[in-house]
Amino acid sequence: MSEKNAPGHDSGSDTLSEIPEVSAVPAVPEVAGTPVRPELRLEVIAAPTGQFGASDAGDTTGYGENRGIVTLAPAAARPYGSWFDGVVDALIEAAESGKQVVAIVEIKARFDEENNIGWARKLERAGVHVVYGMVGLKTHCKLLLVVRQESDGLRRYCHVGTGNYHPKTARGYEDLGLLTCDRDVAQDLTTLFNQLSGYAPRARFRRLLVAPRGLRDGLVEHIEQEIANRKAGLPAWIRIKVNSIVDETVIDALYRASRAGVPVDIVVRGICGLRAGVEGLSENIRVRSILGRFLEHSRIYAFAGGGQTNLFIGSADLMHRNLDRRVEALVRITDPAMVEDLEWLVTHCASDDVASWHLQPDGSWERHLLDAEGNRLEDIQDSLMARARSRVKGRH
């Protein structure tokens, strides 16, 4: 896939129209920030939502009849169910109408292997170019790229997510997704899809960190920069939200940051191979875990950057399988308002005002539900749902 004469107004000057929040399944019947003209603004959409199709399946309908679309390229590890059947039908319609459609499908999606094989074969019969990932690597990134011919040239519409294109997990998992026409993100996705589909020159990415080649090194580089900033007297901190953390290289780098005096907050839902609060090793590291109505599933990596926050969202956890044996992607968020909102989210999740489990120096977990006065601590998921309801009501 290639693009030439790209319009200049997809160059990263997008503005935030909605803040990332979690919405209640039955109570909020629309997604946060569904764009009317996505080329004009950059969006973060948070799941779960009342109508998952409003942001994804709804946008794919009409691919076949839309004469402007020339290329479609989804990459998904767990696309399944009646919702995705509609997407498959739309992709088939597009292919049969002469559009170039490339689908990256991961067969090794636990418990969904048979379903993925079924819809992949259906796409192949319609003329879709189906790619089954790279040999020896599981494709775990969640990406969508649409190339459309418009009056001022080709435009690329991009989605980078933390969760699967799957209706069941979208209703029960907390996730984030980025919608943008930013030129750098579009070029990175074009390069990555070319690599996944067979044309694979070695390339540098502008706003993506991609595993297995550069994601671990990129994160460690940011951690080391925080250490240098701390020594130089610049703002320095690290805030991470992941499903699991066991990678020794990253953990050792976080220990070095702690010993250098860099505050580190980690919100982890599952496995944690790091010890927090150990004197001489990790006294500047706090680890929290949130268990609630929805499964915490988004990944956020935030670094102070000496006063210019560097923040990423994406599909990768800090595990060997994610960093060494999977194709993963993190995207750097650049819109200042959006960075501020996501930084608030990961910071608030780790704060003492939110009900959570706290990792102790001996490796045990202690549940914190009440404050010092005996008042119940904030349920972060309830708070985000309330904010989402309020925002939706304000639009009607």
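Heads up: the structure comes first, above all this text.
Residues numbered from 1 in each chain as written. Predicted model: local features only at pLDDT ≥ 70, side-chain atom pairs only at ≥ 80, totals over all residues. Heavy atoms only, no water.

Some thoughts on the nonpolar core
Part 1 of the reasoning: If you look at the biggest cluster of nonpolar residues, it comprises 43 residues, and the most contacted ones within it are L189, L192, L311, I313, V331 and I333.
Part 2 of the reasoning: Look past the residues within four positions of L192 in its chain and what remains in contact with it is L143, F205, L208, V210, V327 and A329.
Part 3 of the reasoning: Counting residues in each nonpolar core, the second largest holds 34 residues, with V220, I223, L254 and L330 among its members. (Core = buried A, V, L, I, M, F, W, Y, C linked by side-chain atoms within 4.5 Å. Buried < 20%, exposed > 50% of the residue type's maximum accessible area, 1.4 Å probe, protein only. Contact = heavy atoms within 4.5 Å.)

Concerning the packing of helix α6 (residues 215-231) against helix α7 (residues 248-259)
Helix packing for two helices is described by the angle between their axes and how far apart those axes are.
Part 1 of the reasoning: Across the interface, α6 lies against α7 with an axial gap of 9 Å and an inter-helix angle of 5°. It follows from the interaxial angle that α6 and α7 lie roughly parallel. Counting all contacts with α6, which are made through R216, V220, I223, E224 and I227, the residues of α7 involved are T249, V250, A253, L254, R256 and A257. (Axes fitted to C-alpha atoms, helices over the stretch in contact; angles between N-to-C directions. Helix = DSSP H or I, 4+ residues; strand = E, 2+ residues; numbered from the N terminus. Parallel < 35°, antiparallel > 145°, perpendicular 65-115°, else oblique.)

Some remarks on the pattern of salt bridges
Part 1 of the reasoning: One pass over the full model with this rule turns up 16 salt bridges.
Part 2 of the reasoning: Among the ionic pairs, D324 bridges to R216, the shortest N-O distance being 2.8 Å. Taken together, the residues D324 in helix α8 (residues 320-324) and R216 in helix α6 connect sequence positions 108 residues apart.
Part 3 of the reasoning: Since its relative accessible area comes to 15%, R216 is described here as buried.
Part 4 of the reasoning: A salt bridge links K241 to E296; its shortest N-O distance comes to 3.0 Å. In this pair, K241 sits in strand β10 (residues 238-242) while E296 sits in strand β13 (residues 295-296), placing the two residues 55 residues apart along the sequence.
Part 5 of the reasoning: For E296, a relative accessible area of 8% puts it in the buried group. (Salt bridge = Lys/Arg side-chain N within 4 Å of Asp/Glu carboxyl O.)

Details of the pairing of strand β11 (residues 264-268)
Part 1 of the reasoning: Counting buried residues along β11, 5 of its 5 residues qualify, which places the element largely inside the surrounding structure.
Part 2 of the reasoning: Of the two faces of β11, the one holding V264, I266 and V268 and the one holding D265 and V267 are both buried throughout.
Part 3 of the reasoning: Note that β10 and β11 share 5 bridges and pair parallel. When the bridges of β11 are listed, K241 appears paired with V267.
Part 4 of the reasoning: Tracing the backbone out of β10, into α7 and back to the parallel element β11 gives a crossover that is right-handed. (Pairing = 2+ DSSP bridges. Right-handed = clockwise from strand over helix to strand, strands pointing away.)

Here's the deal with α7
Helical geometry: 3.6 residues make up each α-helical turn, so side chains three or four residues apart lie on a common side.
Part 1 of the reasoning: Taking 1.5 Å of rise per residue, the 12 residues of α7 would be expected to cover 16 Å, and the 16 Å separating its terminal C-alpha atoms lies within 8% of that figure.
Part 2 of the reasoning: Within the span of α7, buried status applies to V250, I251, A253, L254, Y255, A257 and S258.
Part 3 of the reasoning: The elements touched by buried residues of α7 are α6, β10, β11, β12 (285-289) and α8.
Part 4 of the reasoning: Two or three places before T249, at the start of α7, stands the capping residue D247, its side-chain oxygen 3.3 Å from that residue's backbone nitrogen. (Expected span 1.5 Å × (residues − 1). Polar contact = N/O pair within 3.5 Å; in protein donor to acceptor, adjacent residues only side chain to side chain.)

Some thoughts on the environment of R332
Part 1 of the reasoning: Within the secondary structure layout, R332 lies in strand β16 (residues 326-333).
Part 2 of the reasoning: By relative accessible area, which is 27% here, R332 ends up partly exposed.
Part 3 of the reasoning: Dropping the residues within four chain positions of it, R332 is found in contact with R206, R207, N310, L311 and F312.

Things to note about helix α9 (residues 336-349)
Part 1 of the reasoning: The end-to-end C-alpha distance of α9 is 20 Å, a good match for the 20 Å that 14 residues give at a rise of 1.5 Å each.
Part 2 of the reasoning: N-cap assignment for α9: the residue whose side-chain oxygen lies 3.2 Å from the backbone N of A337 is D335.

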